[in-house]
Amino acid sequence: MTLKGQILAADGTPLKVKLAQTNRRRRLRAIWLVTPLLLFVGITFLIPIADMLFRSIDDPVVNRLLPETSKQLESWDGRGLPPELAFDSLASELRARRADQSIGKLASRLNFEKSGMRSLITKSGRKLKKIKEGPFKEKLIKIDKKWKDRDTWVVIKRLSSPYTGVHYLAAIDRKLDSEGDIVFQPEHRQIYVLLWVRTLWISVAVTVFCLLLGYPVSYLLATLPLRISNLLLILVLLPFWTSLLVRTTSWIVLLQSHGVINDLMVVLGIIGEEQRIRMIYNQTGTLIAMTQILLPFMILPLYSVMKTIPPSYMRAAQSLGASPAWSFFKVYLPQTIPGIGAGSLLVFILAIGYYITPALVGGQDGQLISNFIAHHMKFSLNWGLAGALGSILLASVLLLYWVYNKIVGIENMKLG
Amino acid sequence: MADTVDTLVKFSKVQKSYDGETLVIKNLDLDVMRGEFLTMLGPSGSGKTTCLMMLAGFEPATHGEIYLDGKPINDVPPHKRGIGMVFQNYALFPHMTVAENLSFPLQVRNLDSGEVADRVKKVLGMVQLEGFGGRRPNQLSGGQQQRVAVARALVFDPLLVLMDEPLGALDRQLREQMQYEIKHIHENLGVTVVYVTHDQGEALTMSNRIAVFNEGVVQQLASPDDLYERPDNSFVAQFVGENNRFSGKVTGLNGNSCTVELDVGGEVHALKVNVGEVGEKTQMSLRPERVEVNPPHGKYQNVFEGVVKELIYLGDHIRTRASVCGQDDFVVKVPNSSGHVHLKEGEIVKFGWKMEDCRALDAKK
Ligand SMILES: Nc1ncnc2c1ncn2[C@@H]1O[C@H](COP(=O)(O)OP(=O)(O)OP(=O)(O)O)[C@@H](O)[C@H]1O
Ligand SMILES: [Mg+2]
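Residues numbered from 1 in each chain as written. Chains lettered and ligands numbered in written order. Predicted model: local features only at pLDDT ≥ 70, side-chain atom pairs only at ≥ 80, totals over all residues. Heavy atoms only, no water.

**Points about the overall build of chain A**
Applicable threshold: Helix and strand definitions here come from DSSP, where helices need a minimum of 4 consecutive H or I residues and strands a minimum of 2 consecutive E residues; each element is numbered from the N-terminal end. As defined in this context, the radius of gyration uses C-alpha atoms, and a globule is described by 2.2 Å times the residue total to the power 0.38. Whether a residue is buried, partly exposed or exposed follows from its accessible area with a 1.4 Å probe, protein chains only, as a fraction of its type maximum: under 20%, in between, or over 50%, in that order. Whether two residues are in contact is decided by their heavy atoms, any of which lying within 4.5 Å being enough. Methods summary: accessible areas were calculated by the Shrake-Rupley approach with a probe of 1.4 Å, and residue burial reflects only the protein chains presented.
For chain A, the count of helices and strands is 20 helices and 4 strands. In terms of C-alpha radius of gyration, chain A reaches 31 Å, well past the compact-globule figure of 22 Å for 416 residues. Out of the 416 residues in chain A, the part that is buried amounts to 40%. Counting contacts in chain A only where the partners sit at least 6 residues apart, residues at least 24 apart contribute 67% of the total. Of the roughly 23,300 Å² of accessible surface on chain A, a fraction of 66% belongs to carbon and sulfur atoms.

**A short note on the overall build of chain B**
This is how it is decided: Counted charges follow a simple rule, with Lys and Arg positive, Asp and Glu negative, and His plus the chain ends left uncounted. All charge positions are set by atom: Lys at NZ, Arg at CZ, Asp at CG, Glu at CD.
Looking only at helices and strands, chain B features 8 helices and 20 strands. Expressed along its principal axes, the backbone C-alpha trace of chain B runs to roughly 75 × 45 × 40 Å. Burial statistics for chain B: of 365 residues in total, 50% are counted as buried. Put simply, chain B shows about 16,900 Å² of open surface, and 47% of that area lies on carbon and sulfur atoms. Between the mean site of the 39 positive side-chain charges and the mean site of the 48 negative ones, chain B shows a separation of 2 Å.

**Some details on the interface of chain A and chain B**
The criterion, for reference: Accessible-area loss on putting two parts together, using a 1.4 Å probe and summing over both, is the definition of buried area adopted here. Any Lys or Arg side-chain nitrogen located within 4 Å of an Asp or Glu carboxyl oxygen qualifies as a salt bridge. Side-chain classes are defined by residue name, with Ala, Val, Leu, Ile, Met, Phe, Trp, Tyr, Cys and Pro counting as nonpolar, Asp, Glu, Lys and Arg as charged, and the others, Gly among them, as polar.
Every contact between the two is made by 18 residues of chain A and, on the other side, 21 residues of chain B. Together, the buried faces of chain A and chain B total about 1,700 Å²; carbon and sulfur atoms form 69% of this surface. Three residues, Arg-315, Ser-319 and Leu-320 of chain A, lead the burial of chain A against chain B; their summed loss comes to 40% of the area buried on that side. At the junction of chain A and chain B, the tally comes to 1 salt bridge. Here Arg-315 of chain A ties to Glu-59 of chain B by a salt bridge, and the two come within 4.0 Å at their closest N and O atoms. Looking at the side of chain A that touches chain B, the elements with two or more residues in it are α15 (312-319) and α16 (324-335) of chain A. The dominant element in the side of chain A that touches chain B, judged by the number of residues it contributes, is α15 of chain A, at 7 residues. Considering only residue class, the side of chain A that touches chain B consists of 10 nonpolar, 6 polar and 2 charged.

**Topic: the sheet that holds strand β11 (residues 244-254) of chain B**
Selection rule: Note on pairing: DSSP must find at least two bridges between two strands before they are called paired. Throughout, an axis means a line fitted to C-alpha atoms (over the contacting stretch in the case of helices), and angles, computed between N-to-C directions, take values from 0 to 180 degrees.
Spatially, 5 strands are ordered β11-β12-β13-β20-β14 (chain B) in a closed barrel, and the strand pairing comes out mixed. Geometrically, the sheet is characterised by an average inter-axis angle of 50° between neighbouring strands, direction not taken into account.

**Remarks on the domain arrangement of chain A**
Threshold: Either an automatic procedure or a domain database provided the assignment from which the domain bounds are taken.
Under the domain assignment, chain A is made up of domain 1 (2-55), domain 2 (61-164) and domain 3 (192-415). A separation of 53 Å is found between the C-alpha centroids of domain 2 of chain A and domain 3 of chain A.

**Observations regarding the site of ligand 1**
All names here are of chain B. Convention followed: To be near a molecule or strand, a residue needs just one of its heavy atoms within 4 Å of it. By the criterion applied in these results, polar contacts are pairs of N or O atoms within 3.5 Å in which, for protein atoms, one can donate a hydrogen and the other can accept it, and in which residues neighboring in sequence qualify only through two side-chain atoms.
Near ligand 1, the surroundings consist of Tyr-18, Val-24, Pro-43, Ser-44, Gly-45, Ser-46, Gly-47, Lys-48, Thr-49, Thr-50, Glu-165 and His-198. Measuring from an oxygen atom of ligand 1, one finds a side-chain N or O atom of Glu-165 at 3.3 Å. Looking at side-chain class alone, the shell around ligand 1 contains 3 nonpolar, 7 polar and 2 charged residues.

**Observations concerning the state of the cysteines**
All names here are of chain B. Quick reminder of the rule: In plain terms, two cysteine sulfur atoms within 2.5 Å form what is called a disulfide here.
On inspection of all chains with the given rule, the structure shows 0 disulfides over all chains. Cys-258 carries a free sulfur, and the closest cysteine sulfur to it, the one in Cys-358, is 8.3 Å from it. Judged by its relative accessible area of 2%, Cys-258 is buried.

**Section: the packing of helix α2 (residues 98-108) of chain B against helix α3 (residues 113-126) of chain B**
Residues and elements named next belong to chain B. Cut-off, in case you're wondering: Should an angle fall under 35 degrees it is called roughly parallel, over 145 degrees roughly antiparallel, and 65 to 115 degrees roughly perpendicular, with every other angle called oblique. Should the near helix be turned anticlockwise from the far one by less than a right angle, the crossing is termed left-handed; should it be turned clockwise, right-handed.
In the contact formed by α2 and α3, the axes pass within 10 Å of each other and the chain directions differ by 120°. If you check the angle between α2 and α3, you find them oblique. Relative to α3, α2 is oriented so that their crossing is right-handed. Where α2 abuts α3, its residues Val-98, Ala-99, Leu-102, Ser-103 and Leu-106 lie against Val-116, Arg-119, Val-120, Val-123 and Leu-124.

**As for the packing of aromatic side chains**
Basically, it comes down to this: Note on ring pairs: Phe, Tyr and Trp rings are taken, using the six-membered ring of Trp, and paired if centres are within 6.5 Å. Classes follow the plane angle, with under 30 degrees stacked, over 60 edge-to-face and the rest tilted.
One pass over the structure, following the stated rule, counts 18 aromatic pairs over all chains. When the ring of Phe-54 of chain A is compared with that of Tyr-163 of chain A, the centres are 6.5 Å apart and the planes differ by 75°; the resulting orientation is edge-to-face. Taken together, the residues span a long stretch of sequence, with Phe-54 of chain A in helix α1 (residues 15-57) and Tyr-163 of chain A in the loop between α8 (150-159) and α9 (166-171) at a distance of 109 residues. The class of Tyr-163 of chain A is partly exposed, set by a relative accessible area of 48%. With 5.8 Å between their ring centres and 10° between their planes, Phe-246 of chain B and Trp-353 of chain B make a pair best called stacked. Remark: Trp-353 of chain B occurs in strand β19 (residues 348-353) and Phe-246 of chain B occurs in strand β11; sequence separation between them is 107 residues.

**A few points about the nonpolar core**
The condition that has to hold: Residues belong to a common nonpolar core when they are buried Ala, Val, Leu, Ile, Met, Phe, Trp, Tyr or Cys residues joined through side-chain atoms within 4.5 Å.
With 99 residues, the main nonpolar core has Val-9, Leu-55, Phe-93, Leu-160 and Leu-162 of chain B as its most contacted residues. Considering each element in turn, this core owes the most residues, 10 residues, to helix α14 (residues 283-306) of chain A. Those residues in contact with Leu-55 of chain B, other than ones at most four positions away along the chain, are Val-9, Phe-11, Ile-66, Ile-73, Arg-81, Ile-83, Leu-160 and Leu-162 of chain B. Counting 29 residues, the second-largest nonpolar core is a separate cluster that includes Leu-66, Met-117, Ile-143 and Val-154 of chain A.

**Here we look at a positive patch on the surface**
Test applied: Patches draw on residues past 30% relative accessible area with no salt bridge. Two like charges within 9 Å are joined, as are two nonpolar side chains (Val, Leu, Ile, Met, Phe, Trp, Tyr) within 5 Å.
On the surface, Arg-98, Arg-126, Lys-127, Lys-129, Lys-130 and Lys-132 of chain A cluster together to form a positively charged patch. For Lys-127 of chain A, the location among the structural elements is in helix α6 (residues 117-128).

**As for the domain arrangement of chain B**
All names here are of chain B. Partitioning chain B into domains gives domain 1 (4-234) and domain 2 (245-361). Inter-centroid distance (C-alpha atoms) of domain 1 to domain 2 is 39 Å. Across the boundary between the two partners, domain 1 contributes 8 residues, which contact 8 residues of domain 2. Here domain 1 and domain 2 share 0 salt bridges between them. Linking domain 1 with domain 2 are 4 residue pairs in polar contact (both at pLDDT 80 or more). Ranked by the residues each element gives to the side of domain 1 that touches domain 2, the list is headed by helix α7 (residues 224-229), at 3 residues. Of the residues that constitute the side of domain 1 that touches domain 2, the class distribution is 3 nonpolar, 2 polar and 3 charged.

**Some words on unusual backbone geometry**
You will see that Tyr-281 of chain A, though not glycine, has its phi angle at about 60°, which is positive. Within the secondary structure layout, Tyr-281 of chain A lies in the loop between α13 (260-267) and α14. Taking relative accessible area as the criterion, Tyr-281 of chain A reaches 34% and is therefore assigned partly exposed. Its identity as a non-glycine residue notwithstanding, Cys-325 of chain B has a phi of 50°, on the positive side. The exposure class of Cys-325 of chain B is buried, given its relative accessible area of 13%.

**Description of the side chain of Thr-282 of chain B**
Residues and elements named next belong to chain B. Within the element layout of this structure, Thr-282 appears in strand β14 (residues 281-286). Owing to a relative accessible area of 0%, Thr-282 belongs among the buried residues under this scheme. Polar contacts involving the side chain of Thr-282 include one to the main-chain carbonyl oxygen of Leu-361, which spans 2.6 Å. Beyond its immediate stretch of four places on either side in the chain, Thr-282 contacts Phe-246, Ser-247, Gly-248, Val-250, Val-260, Val-275, Ala-360, Leu-361 and Ala-363.

Written out as C-alpha cells, the structure reads:
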C-alpha cells in the first residue's frame, strides 16, 4: 500500500515510523538486560576513576578556609605586597578559623607548600585574638616579619584557587618556584621521572620477553595434534589456577640468594659460595616474575590467531620457491600481527600498572610507579599525588590504545 | 604430446606410512609423462593427497624413490623442487593483494621488477582477471580466487603443477566452467599437471590419463575411454560410471570369452578379462547403456526376461530399473529416440546384451 509515495504498514501507520517503533522497543529491551552490568561498572569503575581524576586537581583547603582573602589576592599581580584589604580579610578570617578550630588544617596545608608557614599561621592566629582594631597590615607585620615577605603571600595566592596542577608537576619531579615558574624539585626529592622511566622500561622488557617466549609456544600449540596441544594449553593455563601470591612467593624460594637456583649452581660448581647471584629483590626479580605471570596473556591471543592460519599457507609459500625462513617472515609472521598486537598491548597495559609482584620481589630498585601510588594512598595519605600518578598512568594506557588502533586497528584484535 | 613423450615424474616402489603400522601407499609405481594431464581418482582416504604431498616434498616417502626430470628428489626440500601447487582452500595469502600474491614466486626468484610486472599482467590476462591485481583475496568470489590460485601456481613457469581437489569448494556450474578453463590452460601452456579429485566426471572430462586409487594401490592407469569402457577389475568398473553387476561361477573358457553360471541360475556369455580357472568365482560388469530392451530375436547371445520396477524420465533417456537374473537393481538406459519402446511398470520384457559388453572380472566384492 502506498500513499503519496509513502509505504504504509498493514495498520495504516507509515512503514518507517513502524520500523522505528519496533527497533526502539528492541533497543529498550536490550538496555534493560544490561542495566545491572552498567550500574555495576558505573559504581565500581567509572565513579572511582572520576574521583581519582578529581582528587588529582582538587585543592579546596585554602579557598574554603580563607574565602575572602582568596578573592582579594585574585587581583594582586604578585609584585610588592598585596593591598591593605587583603591583610584585613586575612586577619579576620584567621581569627574566625581559630575560633572554629580549623586553623590547624589551614596551617598544615600551607606548611606542606612552604615550611615555616605552620608556625606563622598559628602564631598570628593566637596573637590576633587580642587585636580587635585595624588597620591590620602593620599589626600583622609586627606579629611576624614574614608578613612583609612577598613569598609568604605568593604561597597563599597560589593555593587560593580550588584547583591545582601541582600534583601533576610533582608527579614529574617539578614544582613552582616563588616566581611561578616550573622548576625541578631539589635533587634529593627527584624520584618520579626515574620511576616512570623504570616502569616503562620494565614493561617494555616484560612485553618483549613474553613475546619472545610466547611466540614459539603459541606456534606449537597451534600446530601440534589436538591431543598434545590441549595438554600444552593446560600447562600454559596452569598459572591461572594458582594464586598470584603463591606464584610470586615461589619465585622468592627459587631465586633468593640461598634459594634453589643459587644452591644448585653452587653445588654444581658453576659459581662459588661467595659469588651467589642476586636475582631477587631487584629489577631482575621483577622482570623474571612478571614475565612468567604475564606470559599467558601473550600466548592466548597469539594462539587464537595462529589457530586460524591453515598450514597450507606455509606450504604454498614453499611450493612457490620460498625457503622456510622466508615463508615464515613473509607469509606467517604478517598474519600473526593482530595477535602480536593484542598480546603485547595486553601484557604492556597489565605490566605498566602491576603492583603485587614488584612489591614482593622488587626490593628497592624494582619498585614501579604503582607501588608509589599505593604508598601515597596508604602511608603518606597524599591522595592528590596518588591521583595525579594514576591519571598519568591511565592517560598513557589510553594513548597506547589509540596508537594501537591507528596502526593495527582495534577491530583486528583477537583476544582468544 | 605423442612424439615428445618422455617421463617427467617417476614413482619407483614408493611406500608411505604415517604411523609405522599401516601402509597408506603400497608399493607405488607410476610414471607421469611430460606435458600430460594425469588425474589421481579414488575414494576418500585412498592416498591421493599423500602421493601429491610426497611429490611436492611436504611428506617424506617411507620407502622408495621419486624422480623428477630424471633426478631423485627425495632429499630436495619443497622450495627447491620448482613444482607449482594449487591447494583445495586456494591458500592465497590474505595479507597480500592479488598482484602481490602473483609476484611472490617471482620475487623469491629475484626477477627484476619490470619482468615481474610483465609476467603478473600476462598471467592475470590468462585467467581473465585483468584489473583485479589490486584486490585482496577476500574481495574476490570463490571462482576468482580459484583462478588466482591457478595463476600463482603457473606464473613462475614450473615444469609440473599439482592440484589437490582445486574445484571442491565451487558449485556445480562454476566447477564445470573451471574444468574447461584449466583444461585450456593446460593445452595452451603444455605444462604437466597432476590433478587429484574424487569426482569421476571431472576426471573423465579433463584428463589424458587417470590413475584410479584404492587403499594405496593404483587399480588401473588408463585413458578416460579405456577406463570407462574397459575396466580391468571390479573396483574400477564400480567406481567409474554406473554398472550392473552379476556374480557367478566360471563354467567354460573359450578364447576371449567365457560362460558363467549365475548364482541364481542361468548362463551368461561374457568377455574374459580378469578371471581364473573354470570353477572359480567371478563378477561381471555391464554398462546400463549397452542393454537393449526387447531386442530382435537372435541378435544377442545374452537375453533374459525381467520385470520393470521403476521408470524415471530424464529427458534424453529413460532410466529403467528392472528385476533381472535375481538382481533387483538392474538398470537400463532407454534412449529417448523416436520410436523407442514405451515401458510400463510391472511389465515383463526381454533384455539383451552383447558378449563383449559384459566383462567378467575378479570376484572381489
Ligand atoms: N598427517 C597424517 N597423519 C596420519 N595419517 C594420515 C595423515 N594424512 C593422511 N593420513 C591417512 O592416510 C590415508 C590417506 O589419506 P589421504 O589424505 O592421502 O587421502 P585422500 O585420497 O587424499 O582422501 P580425500 O579424497 O578424502 O582427500 C588416510 O587413511 C588418512 O587417514
Ligand atoms: Mg585429499
